[in-house]
Amino acid sequence: MDRQASAGQGDAATSPATPAGPPWAALSGEADAMRAMHLRALFLEDANRGERLTLEAAGWYLDYSKQRVTPATLQWLVELATERGVRARIDAMFNGEAINVSEHRSALHTALRLPAGASMQIDGREVAPAVQRVRNRMAEWANAVRAGTCLGGTGKPIRNIVNVGIGGSAIGVEMACAALQHYAQPGLNIRFVSNMDGADFQQATHDLDARETLFVLCSKSWHTAETRYNAAAARTWCRESMHDESAVAAHFLAVTGNPGAAIQEGIAPFRVFDIWDWVNGRFSLCSAMGFTLMAAIGPEGFDDMLAGCHQMDMHFHDAPLARNLPVMHALLSVWNNNFLDARTVAILPYDHYLRRFPSYVQQLMMESNGKSVTQDGADVAGHTSPVYWGASGTNGQHSFHQLLHQGSQCVPCDFIGFLTPLAASPRQHDALLANMFAQAEALAFGQPVADGGEAAPAARHRHVAGNRPSNTLLAKRLTPRTLGALVALYEHSAFTQGVIWNIDSFDQWGVELGKTLALRIVQELEAGTTGMQNHDSSTRTLMQKTLDARLG
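These numbers come from a predicted model, not from an experiment.

How each quantity is defined
- Residues numbered from 1 in each chain as written.
- Predicted model: local features only at pLDDT ≥ 70, side-chain atom pairs only at ≥ 80, totals over all residues.
- Heavy atoms only, no water.
- Pairing = 2+ DSSP bridges.
- Helix = DSSP H or I, 4+ residues; strand = E, 2+ residues; numbered from the N terminus.
- Axes fitted to C-alpha atoms, helices over the stretch in contact; angles between N-to-C directions.
- Contact = heavy atoms within 4.5 Å.
- Phe/Tyr/Trp six-rings, centres within 6.5 Å; stacked < 30°, edge-to-face > 60°.
- Buried < 20%, exposed > 50% of the residue type's maximum accessible area, 1.4 Å probe, protein only.
- Lys NZ or Arg CZ within 6 Å of the ring centre and 35° of its normal.
- 1 Å grid on protein atoms, 1.4 Å probe; cavity = no way out; pocket = protein on both sides within 12 Å on 5 of 7 lines; lining within 4 Å.
- Points joined across faces, edges and corners; volume = space filled by probe spheres on them.
- Core = buried A, V, L, I, M, F, W, Y, C linked by side-chain atoms within 4.5 Å.
- Domains from an automatic or database assignment.

1. Here we look at the sheet that holds strand β9 (residues 272–274)
What the five strands build is an open sheet, ordered β6-β5-β7-β8-β9; its pairing is parallel. At either end of the open sheet lies a strand with only one pairing partner, and these are β6 (189–193) and β9. Averaged over all adjacent pairs, the angle separating strand axes in this sheet is 20 degrees, with direction ignored. Where strand β5 (residues 160–164) and β6 come together, five bridges link them in parallel fashion. Within β6, the residue paired with isoleucine 161 across the bridge is isoleucine 190. Those strands touched by helix α7 (residues 128–147) are β5, β7 (213–218), β8 (252–256) and β9, and its axis lies near 145 degrees from that of β9. Contacts from helix α9 (residues 198–205) reach β6 and β7 within the one sheet, and its direction differs from that of β6 by about 175 degrees.

Structure below.
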């Protein structure tokens, strides 16, 4: 290893990364060598590669043999994790330390899925009992909705739940409701409203009976503009539909870290669920933000999801770095992004129920690690989060897989599948899995041009180079437990990548400027032209066009 570190040292100054130590320099040298090596050669060199480069945890099997790595690469990646203090940072997170440095907060989402009776503290203060109390209250309400004993203001049972929130207050819950639809209670309609565009609210409610509809208002701060606009629309809709102001209050619940503000706006205290400042929005699925999911699949199903999360949490906490599934997942992403210059990642679940999972991972990764400043306030010297995107298979095969196979850029892929189906026949499910396995195989090994065909344009068009890296994640069946473990896997992968880059994965200051400007602009639009001189010529022109359109 000393020889490799020395050989790679000359590349350290230009590596797109945080300041380099020996592992980073060695990995730069590994990357230079890897550019001349094909996955076909790596598999020829190691007949057992497909069995050897695998990990299992919490019901999930990870095959990373199609990543462009050698044993030396993997060794240096683990050395990098050690050098960057991944183990200490994991301990700090689980111990409730204020690892969210810019907001001086803990990031203790793991406390949300502790089993009953477990203990976790922040600054010597026990948090588990409060979590359990909120979970018990959620279960009481969810059971009442499911049993038909939760009544609206006119005495009709609640049959529709509309989750009103955005970002971390919506994306994870919407993903999980879609993923676990197979387990949802029949006859209970679940809808989501997030966009400030009023069409979103209209589309979600146009066929619902207000007398049978419960709105769950989700905003940690209770100041989120989109949620406030949609909450106001919901109150107006209820009032106009029922013609009874006194009945409206019975159709609202709130989830917030600012309960006083919610109560001041007319939400009864017993209708408010707490969320704490140590729960970051995009890590909040297991909190009261998940009430809509609990109502859909029941408290037992929700508890099963929490158990899956906790099982992956414990693996992440306890497993050695080299055998740690979330850590290895993160290190392979760092390898592709920072050393092999792959700037995007495709999330490809071969399961229709997981169709919203790419959007969930997109927010989790890009809002967590879309940063360019280290925890110390210095500039990051290179690339942090890649761009995450994707779609469910096999739809993606007929949309963007052409770029994956023959495009000019390399896009690492995460294939996600289940061995037994929830809905399809075994024969149809075999065909689905066959497509997933085939895509990973084609990306890795390609289709070389036939001998003598290098000069033939027709042959060149058919050439598939291969050497495109991928992971394959398999579980036996999609259940609340396996979904929970999958969510925790990606959460911990995001955190580990942030540790490698020395950034704060738990703040999101970048979104605040746009919110502030939007508030000012909407006030100026409502006032006519007042204040428009404070903007650039482009923004002023766009605002003027908006005002002109009102005048016809």
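Anyway, onward from the coordinates.
2. Section: the packing of aromatic side chains
Under the definition given, this model contains 19 aromatic pairs. Ring plane angle 65 degrees and centroid distance 5.4 Å describe the contact between tryptophan 60 and phenylalanine 418, whose orientation is recorded as edge-to-face. One end of the pair, tryptophan 60, is in strand β2 (residues 60–63); the other, phenylalanine 418, is in strand β12 (residues 413–418), with 358 residues separating them in the sequence. Both rings, one in phenylalanine 495 and one in phenylalanine 506, keep their centres 5.8 Å apart while their planes meet at 35 degrees; by these two values the pair is tilted. In this pair, phenylalanine 495 sits in helix α18 (residues 480–501) while phenylalanine 506 sits in the loop between α18 and α19 (512–526), placing the two residues eleven residues apart along the sequence. With respect to class, phenylalanine 495 is no different from phenylalanine 506; both count as buried. Ring pairing ties together the aromatic residues Phe94, Phe283, Phe316, Phe495 and Phe506, which thus form one cluster. The ring centre of phenylalanine 252 lies 5.6 Å from the NZ or CZ of arginine 235, which sits over that ring.

3. Overview of empty space enclosed by the protein
Scanning all chains against the criterion turns up four cavities of 30 Å³ or more. Roughly 100 Å³ of volume is contained in the largest cavity. Lining the largest cavity, in full, are Gln67, His329, Leu332, Ser333, Asn336, Val345, Tyr388, Pro412, Cys413, Asp414, Asn471 and Gln497. Sorting elements by how many residues they give to the lining of the largest cavity places helix α13 (residues 325–339) first, with four residues.

4. A short note on the environment of glycine 417
Looking at the secondary structure, you find glycine 417 in strand β12. Once residues within four sequence positions are removed from consideration, glycine 417 is found in contact with Trp60, Tyr350, Met436, Leu473, Leu474 and Ala475.

5. Re the nonpolar core
Grouped together as the largest cluster of nonpolar side chains are 125 residues, with contacts concentrated most on Trp278, Phe291, Leu293, Phe357 and Tyr490. Shared between two domains, this core holds at least three residues of each, these being domain 1 (36–95 + 319–447 + 463–507) and domain 2 (118–303). Excluding residues within four positions of it along the chain, phenylalanine 291 makes contact with Met138, Trp141, Ala142, Leu214, Val216, Leu253 and Phe273. Ranked by size, the runner-up nonpolar core spans 23 residues in total, among them Ala204, Ala234, Phe252 and Ala254.

6. Section: the sheet that holds strand β1 (residues 54–57)
An order of β1-β2-β13-β12-β10-β11 is seen for the six strands of this open sheet, with the pairing classed as mixed. Because the sheet does not close on itself, it has two edges, and the strands there are β1 and β11 (387–390). Across the sheet, the mean angle separating the axes of adjacent strands is 20 degrees when strand polarity is ignored. In the sheet, β2 pairs with strand β13 (residues 470–475) via four bridges, with the strands oriented antiparallel. Note that in β13 the partner of aspartate 63 across the bridge is threonine 472. Along the sheet, helix α16 (residues 426–445) makes contact with β12 and β13, crossing β12 at roughly 160 degrees.

7. Notes on the domain arrangement of the protein
Accessible area lost upon the coming together of the parts serves often as the stated size of an interface. Along its sequence, the protein is organised into domain 1 (36–95 + 319–447 + 463–507), domain 2 (118–303) and domain 3 (512–551). Of note, the centres of domain 1 and domain 3, computed from C-alpha atoms alone, are 42 Å apart.

8. Observations regarding the environment of serine 372
Within the secondary structure, serine 372 is located in the loop between α14 (357–369) and β11. Accessibility expressed as a relative area gives 49% for serine 372, which makes it partly exposed. C-alpha separation for the pair serine 372 and threonine 384, spaced twelve residues apart in sequence, amounts to 7.1 Å. Excluding residues within four positions of it along the chain, serine 372 makes contact with Ala378, Asp379 and Val380.

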